Amino acid sequence: MQRADGTPVRVLVVDDEPSLAELLGSVLRYEGWDVRTAGNGADAVRTAREFRPDAVVLDVMLPDFDGIEVMRRLRADLARICVLFLTARDAVEDRVAGITAGGDDYVTKPFSLEEVLARLRGLLRRASLTRAASEGLLAVGDLTMDEEAREVRRGGELIDLTATEFELLRFLMRNPRRVLSKAQILDRVWNYDFGGQAHVVELYISYLRKKIDAGRPPLIHTVRGVGYVLKPAS
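Residues numbered from 1 in each chain as written. Predicted model: local features only at pLDDT ≥ 70, side-chain atom pairs only at ≥ 80, totals over all residues. Heavy atoms only, no water.

Undergrad: Would you mind showing me how to read the pattern of salt bridges here?
TA: Opposite charge on two side chains permits them to pair, given that their charged atoms come into close proximity. A complete count under the given rule lists 24 salt bridges for this structure. Here Arg36 makes a salt bridge to Asp34, at a shortest N to O gap of 2.8 Å. (Salt bridge = Lys/Arg side-chain N within 4 Å of Asp/Glu carboxyl O.)

Undergrad: So what exactly am I meant to see when it comes to helix H7 (residues 182–190) here?
TA: Along an α-helix, residues three or four positions apart point the same way, because every turn accommodates 3.6 residues. Buried within H7 are the following residues: Ile185, Leu186, Val189 and Trp190. Considered in projection along H7, the buried side chains sweep an arc of 100 degrees and stay on one side of the axis. (Buried < 20%, exposed > 50% of the residue type's maximum accessible area, 1.4 Å probe, protein only. Helix = DSSP H or I, 4+ residues; strand = E, 2+ residues; numbered from the N terminus. Arc of directions from axis to C-beta.)

Undergrad: How do you make sense of the environment of Val201 when you look at a structure like this?
TA: If you trace the backbone, Val201 turns up in helix H8 (residues 198–212). Owing to a relative accessible area of 0%, Val201 belongs among the buried residues under this scheme. Residues Val201 and Ser181, 20 residues apart in the sequence, show an inter-C-alpha distance of 9.7 Å. Look past the residues within four positions of Val201 in its chain and what remains in contact with it is Lys182, Ile185, Leu186, Trp190 and Tyr228. (Contact = heavy atoms within 4.5 Å.)

Undergrad: Which parts of the structure should I look at to understand unusual backbone geometry?
TA: Most of the time, phi is negative for any residue but glycine, and the peptide bond is trans. The residue after Lys109, namely Pro110, is reached through a cis peptide bond having omega -10 degrees. Note that Pro110 resides in the loop between strand S6 (105–109) and helix H5 (113–126). Phi is positive for Arg52, which is not a glycine, with a value near 55 degrees. Its place among the elements puts Arg52 in the loop between helix H2 (41–51) and strand S4 (55–59). Even without being glycine, Arg177 reaches a positive phi, approximately 70 degrees. Along the chain, Arg177 turns up in the loop between helix H6 (163–173) and strand S12 (180–181).

Rendered as structure tokens:
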């Protein structure tokens, strides 16, 4: 999904648990969305005024003032912002209060990340704030990926990739111009924590380079001491 003007969807995640806020943020960034986080109501309001998000994932219980008050202040500046509340499973009164006050939807803790994504997509579509990306088609420069057909082409030429190479390239293409660490790549593509396995990432990056960049201006770049970035050839 993208904004109507083709730029990334903007989402503000507000939760006083830093690990949860960062987890949600990383998942939304993986979708190609532009994400900011805040740990309390005051920071949320200040960040929203600068960032101008399309949606906010908002915990009801915050250390300074509650999520309902945050929503009221945000809506004063951003009338069309979509609000997805996070509530405790047993706090029925919070859910009722949030929706009654004007919240668009809610999910209860603990929740699945897939559910949060699905709810956000639904809210944004109903608010007509976004348009769907072209049926799973990713493009960076002259490199394209059809996620549904699992086809990759560069300059129109079909490139044959293994399943792991495809997933690695998909992660890079969903985060163009963003430097991704080996730890991030391991966690997303191989689903295990970083710990002496950097050679696996290096090996598969080399495989991709031979297939994607061979004889062409390079798209995959190494940022020494940090990781890798995919960006259009200059």
